[in-house]
Amino acid sequence: MIGVVYLGNNTQTEERLKYIPGRQVQMTRNYKDAATACESHVQNEHFIVFYEKSVRTEDITAITYLRKNCKNIYLILLTNKLSSEERTTYQQCGINDTLNASASVTELNKKIQFISDRESILFDDQVSKKRILRFKIPFWKRLFDIVFSLLAIIFLSPIFILTAIAIKIESSGPILFKSKRVGTNYTVFDFLKFRSMFVDSEQRLKEVSKDNNQYAEKDEQDKEENKTTITAPLGDEAEMEMMDLGLESEMMISDDEVMLVGDDFIVAESDFNKKKEEEINNAFVKIENDPRVTKVGRFIRKYSIDELPQLFNILKGDMSIVGNRPLPLYEAEKLTADSNIDRFMAPAGLTGLWQVEERGKGGAMSAEERKQLDITYGQTYNFALDMKIIFRTLTSFIQKENV
């Protein structure tokens, strides 16, 4: 079993770590004690070290010391927020992972279990030097992407020109729309499309998605059943705090249920986790009959012309011809649970398995079905499957539904 060590002086974190089921967490206050705690008399024993972020210079000294003296550790930085500069600094000195400093007992336990399940990979000498698992696109796939995208750009150049003119005539604003998307290995890049909406479309997303989200749960009875059960009065602020998952609580063990106890509420852990799962399941946003779309936009969407600029993303290496669709930041941030990680350990693509399957179903596909198809593709893709998906895309690119 992997050992667990805490290094820091946050009493709230210490209290939560005490309730990790089936594990004895060693509490330390300085890095030399933590290094001693990670000394093992058992061959190949490994340790997870939760390190509470403090003053940067002191953190660098401590982390560097631990890395030099402990070869068998997986370092997790407990922090609320990191700037880009801080993230780079902490990664360079040896941090493997980060976790919110106010993570609940459940989240802490899930992180420990995730690492334990992958012990043979995460603590392998070669992988440990890289300190992160990354997907690398095969040579055959990258070569195909370059040749295919280059020929397609040349062949489709008249359509590029005509589309650009039509967009400019109908409405003011840029011809191309750039948005930040999350692709392979959670890499963020500028995703290119022909603009099909009015220029204020992103600001209006929350307003129109409330009633028209194709993936959202619409059955009121199901919503009622999935509501978190509260066994003590809740004020508005307390409820919002719980829903934001910023829960700092004690745990009370009953005979048949674990209860999370806050200042203003008591909630069953199973109900709390159900709410979290519901948020993840509704991560995707897809709008039916979107009023933000221009007339030209409806035409180029129907024939998938709006996607053509992504050929430049493919040529650059941000994406592949076939893969899992890169997600907007607000969708990707909800898919960080263990069960969804494999989706991002695969190529990001212009078209993919779920797109052709969705069209086969007339556009009727749940968010969970989509996620499972993404994971399936990442685990099984090969040249023959890619050719099959490309063929199905080319023969069924006219979308029947108005989405």
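Let us look at the structure shown here. (Residues numbered from 1 in each chain as written. Predicted model: local features only at pLDDT ≥ 70, side-chain atom pairs only at ≥ 80, totals over all residues. Heavy atoms only, no water.)

Some details on helix α9 (residues 157-170)
Thought 1: Taking 1.5 Å as the rise per residue, α9 with 14 residues should run 20 Å; its terminal C-alpha atoms sit 21 Å apart, in good agreement.
Thought 2: Listed in full, the buried residues belonging to α9 are F160, T163, A164 and I167. The buried residues of α9 occupy an angular sector of 105° when projected down its axis, which confines them to one face. Turned more than 90 degrees away from the buried face of α9 sit I161, L162 and I169, all of them exposed.
Thought 3: Of the surrounding secondary structure, the elements contacted by the buried residues of α9 are α8 (139-155), β7 (188-194), α14 (295-302) and α15 (310-316). (Helix = DSSP H or I, 4+ residues; strand = E, 2+ residues; numbered from the N terminus. Expected span 1.5 Å × (residues − 1). Buried < 20%, exposed > 50% of the residue type's maximum accessible area, 1.4 Å probe, protein only. Arc of directions from axis to C-beta. Contact = heavy atoms within 4.5 Å.)

Quick look at the pattern of salt bridges
Thought 1: What the rule picks out here adds up to 12 salt bridges.
Thought 2: A salt bridge links K180 to D190, with the nearest nitrogen and oxygen atoms 2.8 Å apart. On the criterion of sequence distance, the pair formed by K180 in strand β6 (residues 176-182) and D190 in strand β7 is long-range, its members being 10 residues apart.
Thought 3: A residue is classified by how much of its surface remains accessible, and K180, at 44% relative accessible area, is partly exposed.
Thought 4: Note on D190: relative accessible area 34%, which makes it partly exposed.
Thought 5: One network of salt bridges, in which partners are shared, links K193, D306, E307 and R325. (Salt bridge = Lys/Arg side-chain N within 4 Å of Asp/Glu carboxyl O.)

As for the packing of α8 against helix α19 (residues 383-395)
Thought 1: Direction vectors running N to C along α8 and α19 enclose 30°, while the axes themselves pass 11 Å from each other. The angle between α8 and α19 places the two elements in the roughly parallel class. Seen from α8, the contacting residues are W140, K141 and F144; seen from α19, they are F383, D386, M387 and I390.
Thought 2: Looking at the contact of α8 with α19, its residues break down into five nonpolar, no polar and two charged. (Axes fitted to C-alpha atoms, helices over the stretch in contact; angles between N-to-C directions. Parallel < 35°, antiparallel > 145°, perpendicular 65-115°, else oblique. Nonpolar A, V, L, I, M, F, W, Y, C, P; charged D, E, K, R; others polar.)

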